[in-house]
Amino acid sequence: MGGETTEVIAHFDLDSFFVSVEIRENPSLEGRPVAVAYSNEDFTQGVILSASYEARKLGVQGGMPVTQAKRKCPELEIIPPRHGFYSRVSKAVFEEICLLGYEWKQTSIDEGYLRLTNAFSWDEIGEIESFGHDFQDRIFSELRLPITIGICSTRTLAKITSTISKPKGVGVVAPSKVIRTFKSYFPKIIPGIGVKASEFLKQRGIYTIQQALSDFPPSNKLVGFIQQVIYQRTSTWFGNTRKRKSIGKNRTIRAKKEEIGRVNAELHRLISLATQKLKTENLETRTITVIVRDENYTTRSKALSLSHSSQNYNLLEKVADELFSILCPVPMAIRLIGIRFSNLEKIDPHQSKITQFLH
Ligand SMILES: [Mg+2]
């Protein structure tokens, strides 16, 4: 394995995103073979952009011409796409992911990665699994969209884990179980290995990942690539930046209007947790953001940047209280409350010694 600590990386992918959004908006489509596609009245044009799992079971696939899909599944319902609407829903999903408070990266309209390394360790795989289920439940309860999560030690393996866990799955593969889990799959399950590469491998008698691993030392580049992936030597996170971007804490609270005191107390508790985190990571924050979601699921936030970075609880609490009073000038029902510290700066121990000396 590459580094000194084994990374914990999650890949998340909304299940048949466009179709799931349409089902959410029109629940009568639930459980039926449905696909999103541009087409004409007699279905002689267009390709399938997204298909429900019921349609997939009947042979309909993304990228398939509508004519062919209709032949395979005459009852298939075709819905024209609403791209602007899907983008807005996607934005709401990523706002929710941002609230989780981990490093994250969006890679497409409905997919991305989370870096959980600082929060979890592979010795406590049960905690990683319950994180996956909580994350999935949260996306469903807040946005009514099904999502699959795959967690492993590299980006590529996390993505393969989510692929084999679809739909509505939570897959967790411990680093020690990687070979056992993936050995009987076709190499095509690895992102980057398409139809052409699979053909090339087949011509050389390689049909499974296991067979690619036995070809050692690798007789060609492609086999070498498969070995790199399975031996967990491919990239873990994006770029080399190991710097934390923000520390966030938030909680679903479901407080009534009369319970504003409970919301305040919870905000203070979250500030205290986030401040602890700043201290253990030797960081100070310059920007404080308070996040509030009301009973209508509208999320609002307000931020303030300090002139100097700080990790002082009393100061951060004062700022947060002020931001909260701007967001909630009158008591209101609150569904979620959160705090985020960003613009983080590492405290240089050497620097502080000099300052002490000057005093
Ligand atoms: Mg997807």
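Residues numbered from 1 in each chain as written. Predicted model: local features only at pLDDT ≥ 70, side-chain atom pairs only at ≥ 80, totals over all residues.

1. Remarks on the overall build of the chain
Thinking step 1. Looking only at helices and strands, one finds 13 helices and 13 strands in the chain.
Thinking step 2. Taking the principal axes of the C-alpha coordinates as reference, the chain spans close to 75 × 55 × 30 Å.
Thinking step 3. Within the chain, the fraction of its 359 residues that count as buried is 34%.
Thinking step 4. Contacts in the chain between residues at least 24 apart in sequence constitute 62% of all its contacts with a sequence separation of at least 6. (Helix = DSSP H or I, 4+ residues; strand = E, 2+ residues; numbered from the N terminus. Buried ≥ 20, exposed ≤ 12 C-beta atoms within 10 Å, placed from the backbone. Contact = placed C-beta atoms within 7 Å.)

2. Structural notes on the pairing of strand 6 (residues 111–115)
Thinking step 1. Where strand 1 (residues 9–14) lies against strand 6, five bridges are found, and the strand directions are antiparallel. Along strand 6, the bridge assignment pairs H11 with Y113.
Thinking step 2. Across five bridges, strand 5 (residues 103–108) lies against strand 6 in antiparallel orientation. Note on strand 6: the bridge partner recorded for W104 is L114.
Thinking step 3. Where strand 5 folds back on strand 6, the antiparallel hairpin that results is connected by two residues. (Pairing = 2+ DSSP bridges.)

3. Focus on the domain arrangement of the chain
Thinking step 1. Entries for the chain in the domain assignment read domain 1 (9–15 + 85–177), domain 2 (17–83), domain 3 (186–230) and domain 4 (246–350).
Thinking step 2. Taking only C-alpha atoms into account, the centre of domain 2 sits 43 Å from that of domain 4. (Domains from an automatic or database assignment.)

4. Here we look at the packing of helix 11 (residues 260–280) against helix 12 (residues 313–327)
Thinking step 1. For the pair helix 11 and helix 12, the least separation of the axes is 10 Å and the interaxial angle reads 140°. As far as their axial angle goes, helix 12 and helix 11 are oblique. Classified by chirality, the crossing of helix 12 by helix 11 is right-handed. The residues of helix 12 that touch helix 11, namely those facing L267, H268, I271, S272 and T275, are Y313, L316, E317, A320 and F324.
Thinking step 2. Its residues assigned to classes, the contact of helix 11 with helix 12 shows six nonpolar, three polar and one charged. (Axes fitted to C-alpha atoms, helices over the stretch in contact; angles between N-to-C directions. Parallel < 35°, antiparallel > 145°, perpendicular 65-115°, else oblique. Left-handed = near helix turned anticlockwise from the far one by under 90°. Nonpolar A, V, L, I, M, F, W, Y, C, P; charged D, E, K, R; others polar.)

5. A short note on the environment of I78
Thinking step 1. Position of I78 among the secondary structure elements: in strand 4 (residues 77–79).
Thinking step 2. For the pair I78 and A51, spaced 27 residues apart in the sequence, the C-alpha separation amounts to 9.3 Å.
Thinking step 3. Non-local contacts of I78, meaning those with residues more than four positions away in its chain, are made with A35, A37, S39, F43 and V66.

6. Quick word on the nonpolar core
Thinking step 1. Formed by 57 residues in total, the largest nonpolar core has its most connected members in I9, A10, A35, I48, I151 and I226.
Thinking step 2. Apart from residues lying up to four places away in sequence, I226 is in contact with P187, I190, I209 and A212. (Core = buried A, V, L, I, M, F, W, Y, C linked by C-beta atoms within 7 Å.)

7. Focus: the sheet that holds strand 3 (residues 48–51)
Thinking step 1. Pairing in this open sheet of three strands is mixed, and the strands run 3-2-4 from one edge to the other. Because the sheet does not close on itself, it has two edges, and the strands there are strand 3 and strand 4. With strand direction ignored, the average angle separating the axes of adjacent strands in the sheet is 30°.
Thinking step 2. Judged from the three bridges that link them, strand 2 (residues 34–37) and strand 3 form a sheet pairing that is antiparallel. Bridge pairing in strand 3 places A35 opposite A51.
Thinking step 3. Of the strands in this sheet, strand 2, strand 3 and strand 4 are in contact with helix 1 (residues 17–25), which crosses strand 2 at around 115°.

8. Notes on the sheet that holds strand 1
Thinking step 1. In space, the five strands of this open sheet follow the order 5-6-1-7-8, with mixed pairing throughout. At either end of the open sheet lies a strand with only one pairing partner, and these are strand 5 and strand 8 (170–172). Averaged over neighbouring strand pairs, the angle between their axes works out to 15° when direction is ignored.
Thinking step 2. Pairing geometry for strand 7 (residues 147–152) and strand 8, over three bridges, is parallel. Among the inter-strand pairings, I149 is bridged to a residue of strand 8, identified as V170.
Thinking step 3. Sheet contacts for helix 6 (residues 155–165): strand 1, strand 6, strand 7 and strand 8; angle to strand 7, the most-contacted strand, approximately 140°.

9. A short note on unusual backbone geometry
Thinking step 1. The step from K166 to P167 runs through a cis peptide bond, and the omega angle for that step is -10°.
Thinking step 2. Along the polypeptide, P167 turns up in the loop between helix 6 and strand 8.
Thinking step 3. Between F216 and the following residue, P217, the backbone shows a cis peptide bond with an omega angle of -5°.
Thinking step 4. Following the sequence through the fold, P217 ends up in the loop between helix 9 (209–214) and helix 10 (221–230).
Thinking step 5. Residues other than glycine seldom take positive phi values, yet N282 does so here, at roughly 60°.

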